Amino acid sequence: ATSLETIVGLKPNVNEYTPLLECVVNSINSIQEKWIQDWEINIEVNKGPEQWALALEAWEVSQQKIKSFRIIDNGIWFNDEKTNAFDEPFTDNNFANWGKWYGRFTTLKVFENVKIESIFWSNTDKKKREFFLRFNPQRVNNRTIISNERLEDVDQSSNEKTEITLSWVKRQ
């Protein structure tokens, strides 16, 4: 089925690491598109504040559930063109890099909260775009999966980056 209802019925064997992997692959693609030598991808894992209280042994820490991931890179991400393509569920925009739509839907299926912040050049100005991923079957503000979008000017010295926070894993 190639409709927005796909997300509701999505039942692949995924866990919180599947969207993380999708985000890292997307980070690599965005860095390759930017053609830079000094690239970086940082991943932060939060297992919650109780991890240190229970951390008598490393094994105990590894057994705790993930609370959130944060992925930060310095590639090209959410300028106007890429944001519009990202919001189109069945686009072939990134098909050459194996991007189809799977990552967006698995992310929405696994995490309650997905926040994206991106600083990028728009002509001669630097902009910051911030939004949340939500499944909007009624296309709120003409968007399918993007909600609460904000776009603002930022200081020209701000580093270009994209930060994705995946939090509140849905327990099934």
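Residues numbered from 1 in each chain as written. Predicted model: local features only at pLDDT ≥ 70, side-chain atom pairs only at ≥ 80, totals over all residues. Heavy atoms only, no water.

1. Here's the deal with the overall build of the protein
Helix and strand counts for the protein come out as 6 helices and 6 strands. Traced from its N-terminal end to its C-terminal end, the protein shows the element sequence α-α-β-α-α-β-α-α-β-β-β-β. Burial statistics for the protein: of 172 residues in total, 42% are counted as buried. Taking contacts inside the protein between residues at least 6 apart in sequence as the whole, the part at least 24 apart equals 68%. Summed over all atoms, the accessible surface of the protein reaches about 10,500 Å², with 50% contributed by carbon and sulfur. (Helix = DSSP H or I, 4+ residues; strand = E, 2+ residues; numbered from the N terminus. Buried < 20%, exposed > 50% of the residue type's maximum accessible area, 1.4 Å probe, protein only. Contact = heavy atoms within 4.5 Å. Areas by Shrake-Rupley, 256 points an atom, 1.4 Å probe, with all protein chains shown as cover.)

2. Here's the deal with the packing of aromatic side chains
Within this structure, the stated rule accounts for 5 aromatic pairs. Their ring planes at 55° and their centres at 6.2 Å tell us that F86 and F131 sit as a pair that is tilted. Taken together, the residues F86 in helix 5 (residues 80–87) and F131 in strand 4 (residues 125–133) connect sequence positions 45 residues apart. F86 gets classed as buried once you look at its relative accessible area, which sits at 15%. What makes F131 buried here is its relative accessible area of 0%. The structure contains a cluster of three or more aromatic residues connected by ring pairs, namely Y17, F69 and F111. A cation sits over an aromatic face here: R104 above F86, 5.4 Å from the ring centre. (Phe/Tyr/Trp six-rings, centres within 6.5 Å; stacked < 30°, edge-to-face > 60°. Lys NZ or Arg CZ within 6 Å of the ring centre and 35° of its normal.)

3. Examining helix 2 (residues 17–34)
A rise of 1.5 Å per residue sets the reference length of helix 2, with its 18 residues, at 26 Å; its end C-alpha atoms lie 26 Å apart and thus fit the reference within 8%. Buried-residue contacts for helix 2 involve strand 1 (41–46), strand 2 (68–73), helix 6 (102–110), strand 3 (111–122) and strand 6 (161–169). Just past helix 2, the residue W35 takes up positive phi, approximately 55°. (Expected span 1.5 Å × (residues − 1).)

4. Quick look at helix 5
Of the residues making up helix 5, those classed as buried are T83, A85, F86 and D87. Summarising the contacts, the buried residues of helix 5 are in contact with helix 6, strand 3, strand 4 and strand 5 (146–153). Between a side-chain oxygen at the N-terminus of helix 5 and the backbone nitrogen of E81 the separation is 3.3 Å; the capping residue is N79. (Polar contact = N/O pair within 3.5 Å; in protein donor to acceptor, adjacent residues only side chain to side chain.)

5. Structural notes on the pattern of salt bridges
Applying the stated rule across the entire model yields 11 salt bridges. Across the pair K128 and E130 runs a salt bridge whose closest N-O atoms are separated by 3.7 Å. On the basis of relative accessibility, which here comes to 12%, the residue E130 falls in the buried class. E130 serves as the salt-bridge partner of R150, at 3.7 Å between the closest nitrogen and oxygen. Of the two residues, R150 sits in strand 5 while E130 sits in strand 4, which places them 20 residues apart along the sequence. Its relative accessible area of 43% is what places R150 among the partly exposed residues. A network of salt bridges, in which partner residues are shared, links K115, E117, K128, E130, R150 and E152. (Salt bridge = Lys/Arg side-chain N within 4 Å of Asp/Glu carboxyl O.)

This is a description of form; function is not addressed.
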